[in-house]
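Take a look at the letters that make up each chain.
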Amino acid sequence: MLLQRNKLGSVRPPKRCRSDMDNISTSDIVIINGNSHPDLANSVAERMGLKNGGCSVFHKSNRETIVEISDSVRGKDIYIIQTGTKDANNNIMELLIMAYACKTSSARSIVGVIPYLPYSKQCKMRKRGCIVSKLLAKMMCTSGLTHIITMDLHQKEIQGFFDIPVDNLRASPFLLQYIQESIPDYRNSVIVARNPGVAKKANSYAERLRLGLAVIHGEQKEAESDEVDGRYSPPPTSSRQRTTSVSVGVPEHPVKVKPPLTIVGDVNGRIAIMVDDLIDDVQAFVAAAEMLKDNGACKIYVLATHGLLSSDAPRLLEESVIDEIVVTNTIPHEVQKLQCNKIKTIDISILIAEAIRRIHNKESMSYLFRNVTLED
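Residues numbered from 1 in each chain as written. Predicted model: local features only at pLDDT ≥ 70, side-chain atom pairs only at ≥ 80, totals over all residues. Heavy atoms only, no water.

### Comments concerning the pattern of salt bridges
Here is step 1 of the chain: One pass over the full model with this rule turns up 11 salt bridges.
Here is step 2 of the chain: Two residues, D347 and R47, come together in a salt bridge whose shortest N-O distance is 3.2 Å. Here the residue D347 occupies a position in the loop between β16 (343–346) and α10 (349–360), and R47 occupies one in helix α1 (residues 38–47), the gap between them amounting to 300 residues.
Here is step 3 of the chain: Judged by relative accessible area, D347 falls into the partly exposed class, the value being 31%.
Here is step 4 of the chain: Across the salt bridge formed by E363 and R358, the nearest N and O atoms sit 3.8 Å from each other.
Here is step 5 of the chain: One salt-bridge network, held together by shared partners, links E354, R357, R358 and E363. (Salt bridge = Lys/Arg side-chain N within 4 Å of Asp/Glu carboxyl O. Helix = DSSP H or I, 4+ residues; strand = E, 2+ residues; numbered from the N terminus. Buried < 20%, exposed > 50% of the residue type's maximum accessible area, 1.4 Å probe, protein only.)

Structure, rendered in C-alpha cells:
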C-alpha cells in the first residue's frame, strides 16, 4: 500500500512511492494546474511519475482569464489541481475555464483537485445574503467537472451541494503524526477547542491520542451571531396595514448575551494544542492563546489544515504567546513563513497523489478514510 499507518491510525509517508505508481497508465492521464499553487501540482505529478500537461493560464490587460492547453486531451482523464488562496475569485475563474476548455476538447473525465474549496465558510444563510457554496457547486458542475477531490471541508454537508461525486480527504492523520513525533512530551498535552463549534474535531483528536480535552466557552460562533433573517424584522407600518397585527401574541425572541470567557478543562502545567480546519483571521487564536497562558499552559501549539493567514496574520502570530503554528501545504504560504518563524508546514501531496491513483485505477477510496469517525 502507498500509505502506511502506525498504531493510532496516522498516515506515515513512505520514503519511496515511485514504484507504487508504476501501475498507472500514463497514456490516458493528464495533470494540469492553474496559478494558485504550482508547487503542490508539481509535487503531486512528481510523486506519480508524471509531467504536468501543457497548460498556460494568464490574464489580459483587462483582467480576463485566458487558458491555452497545448497537449491533446481528447479521450483522456484530466486532473486539474487548483486550490483556493487569498485571490479566490481568480482561482475560481481559472478552474472553471480550464474545466470548460477540457470539456469542449472531448476529455473523457475532468476531476477537480481543490485542496481548499473557496467560499466553503459561506455555507449557511446569514441575514439576507445567500449560500454561496451552493452557487459555486452549480458553477463547477456546469463547467464540466465530473468529480471533486477536496480536503477538510468547513462543513461536510457541502458535499450535498454538488451533483457529482465529492471525495473529502482528511489531513488529521498527518497532524496526528506531527503531534506524536515533533512535540516533546506530547503525553502531557491537552487538546483545546477554541470555541464550542470545534469541540467535535478536538474530541476526535483527543480520543485518538488518548489525551484530555478542554473547551474555551463564551466566544460565540460567527455563524450563530449572524443568523438574522426576515423573521426578526418588525412589521411594516403603513396606512393600509390591518388594525389587528399578526405579530400580536408572538413572543419576543430573547437577545443573546455573550457569557464571560472561561475554559472548561484543566490546562495548568500542560501543553495546549488548539486544532481547527482553517486559520485565517488569527485574532481569535491569539486571544485564546493568551487565556490559555494565563491559566497556566506551558506551551501552546495551533494545528490547522488550511493556513490562509490573510492580512497581518503573520505579524500577529509572531508577536503572540503561541509557540508554533502547524498547517499543511493545501494553500501556499511561503511569504507568510518569511514573516513568521513559528509557521511549520506539512506536505500532504502524497495523499492527493494516492487519491488520484485510486480514482484513475477505479480502486476503492475507503482505505483513505479508514478509522475516520463522523466527528472528523
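### Considering the confidence of the model for the protein
Here is step 1 of the chain: Across the protein, the average pLDDT comes to 86, with 83% of residues at or above 70.
Here is step 2 of the chain: Helix α6 (residues 222–225) is the least confidently modelled element of the protein, averaging 47 in pLDDT, while strand β7 (residues 109–114) averages 98, the highest of any element.
Here is step 3 of the chain: pLDDT under 50 marks residues 14–20. Its contacts with residues more than four places away, or in other chains, come to 12 contacts. (pLDDT = per-residue confidence, 0-100. Contact = heavy atoms within 4.5 Å.)

### Examining the nonpolar core
General note: in soluble globular proteins, nonpolar side chains tend to be found buried as a group.
Here is step 1 of the chain: Counting 50 residues, the largest nonpolar core has I191, I273 and I356 as the members making the most contacts within it.
Here is step 2 of the chain: In terms of residue count, α10 provides more of this core than any other element does, seven residues in total.
Here is step 3 of the chain: Not counting chain neighbours up to four residues away, the residues in contact with I356 comprise I29, V44, M48, Y79, V113 and I149.
Here is step 4 of the chain: The next biggest cluster of nonpolar side chains, apart from the first, holds 32 residues, and it includes C55, I92, A101 and L117. (Core = buried A, V, L, I, M, F, W, Y, C linked by side-chain atoms within 4.5 Å.)

### Quick word on the state of the cysteines
Here is step 1 of the chain: The full count for this structure, using the stated rule, is zero disulfides.
Here is step 2 of the chain: Here C55 stays free of any disulfide, with the sulfur of C102 as its closest cysteine sulfur at 7.0 Å.
Here is step 3 of the chain: Taking the relative accessible area as the measure of exposure, C55 reaches 18% and is therefore buried. (Disulfide = S-S within 2.5 Å.)

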